[in-house]
Amino acid sequence: MFQKCQLTFGLILCFLLIQPLTGFAVEGFKVSQYGDGEQIWFEAEAFDERDSADVYKLGKGEGALDPTDGAFGDIVTNAGGQGWLLYRFDISAAGGKAGDWRFISRVINPSNHSDWLWVLGDDGDTIPTEAPAFARPDHIILEENVAEWAWLRTGDFGKDGGTVNALQDGENVMMIWTRQSSNQTQYDVFCWSSDLDYEPTDADYENAEAGVTDVNPEGLLTTTWARLKQ
């Protein structure tokens, strides 16, 4: 009996060590509480899905473009054609609640090669597989001239454009769809802020806290125990 218990607890320990953590999709995200709200940050190359490896590509990792000095890690650029990127992020990891949040991107885009931003819940109830009927200014982002690395808060020549969106409690889904983007466009870091007036800095991103996935160890242990007993 004692040996059986030892074996069972050994299996539980092994299971917990190899069990993948779930709850947040993009890897390496950060959280902060700057200004009058919460922020969640993740790097552009941490996308969850893309429709084609031939359109939006990693700059360094896939040889699409050497990132301009000052990039945080790799970048994503449009190597040519129409496509999309999809990111899943959980605002509860930052202590955030449903409401209006601003999408902010650290980018280089010298020729205002804009894209569309689509957000689940705000722009539709199901994730599209074909390009939705986008409209300017409601969905446009990056219609700005940004010659050097900058945190872009606006989407359409100084106006919000598609940057302010209603996010849902918990997990959210955003998609970037091609409008005009090219390999002049470099996506580096994305930030969502519940303080619509917040203006990020590089130091803010560097000093933000590493995000933690929402995992309940007690619940995981109970489930594991039940599985092993079976």
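Before reading on, note that the structure itself is shown above.
Each chain carries its own residue numbering, running from 1 in the written order of its sequence. Given that the model is predicted, a residue must reach a pLDDT of at least 70 before its local features are reported, and side-chain atom pairs must reach 80 or more before they are shown or counted; all residues, however, enter totals for whole chains, interfaces and linings. Hydrogens are left out, water is left out, and the side-chain values use all remaining heavy atoms of the structure.

Visitor: An account of the nonpolar core is requested, with residue identities and associated values reported.
Guide: Counting 30 residues, the largest nonpolar core has M174, Y187, F190 and W192 as the members making the most contacts within it. Each helix is a run of DSSP H or I of at least 4 residues and each strand a run of E of at least 2, with the numbering of both proceeding from the N terminus. Counting only elements with at least two residues in this core, the list comes to β2 (39-43), β4 (56-58), β6 (84-90), β7 (99-109), β8 (115-119), β10 (146-152), β12 (171-178) and β13 (186-193). Contact between two residues is taken to exist if any of their heavy atoms lie within 4.5 Å; hydrogens are not considered. Excluding anything up to four places from it in sequence, M174 contacts F42, L85, L86, Y87, F89, F103, L117, W118, F190 and W192. By size, the runner-up hydrophobic cluster in this structure holds ten residues, among which are W118, I140, V173 and M175. Among the buried residues, those of types Ala, Val, Leu, Ile, Met, Phe, Trp, Tyr and Cys that are joined through side-chain atoms within 4.5 Å form a nonpolar core. A simple rule labels every residue: compare its accessible area, found with a 1.4 Å probe on the protein chains alone, to the largest value its type can have, and call it buried under 20%, exposed over 50%, or partly exposed in between.

Visitor: Can you break down the pairing of β8 residue by residue, with the values?
Guide: Counting buried positions along β8 gives five out of five residues, so the element sits mostly inside the fold. Across the two faces of β8 the burial is the same, with D115, L117 and V119 and W116 and W118 all buried. In this analysis, strands are considered paired if DSSP registers two or more bridges between them. Pairing of β8 with β12 involves five bridges; the strand directions are antiparallel. Considered in β12, the bridge of W118 is made with M175.

Visitor: So what's going on with the pattern of salt bridges? Which residues, and what values?
Guide: What makes a salt bridge here is a side-chain nitrogen of Lys or Arg within 4 Å of a carboxyl oxygen of Asp or Glu, nothing more. All told, the structure shown has eight salt bridges when counted by the stated rule. For the salt bridge of R88 with E171, the shortest nitrogen-to-oxygen distance reads 3.8 Å. With a gap of 83 residues between them, R88 in strand β6 and E171 in strand β12 connect regions that are remote in the sequence. We classify R88 as partly exposed; its relative accessible area is 23%. The partner of D156 in a salt bridge is R136, with the nearest N and O atoms 2.8 Å apart. One end of the pair, D156, is in the loop between β10 and β11 (164-167); the other, R136, is in the loop between β8 and β9 (140-141), and 20 residues separate them in sequence. Residues joined in a network through salt bridges with shared partners are E49, R88 and E171.

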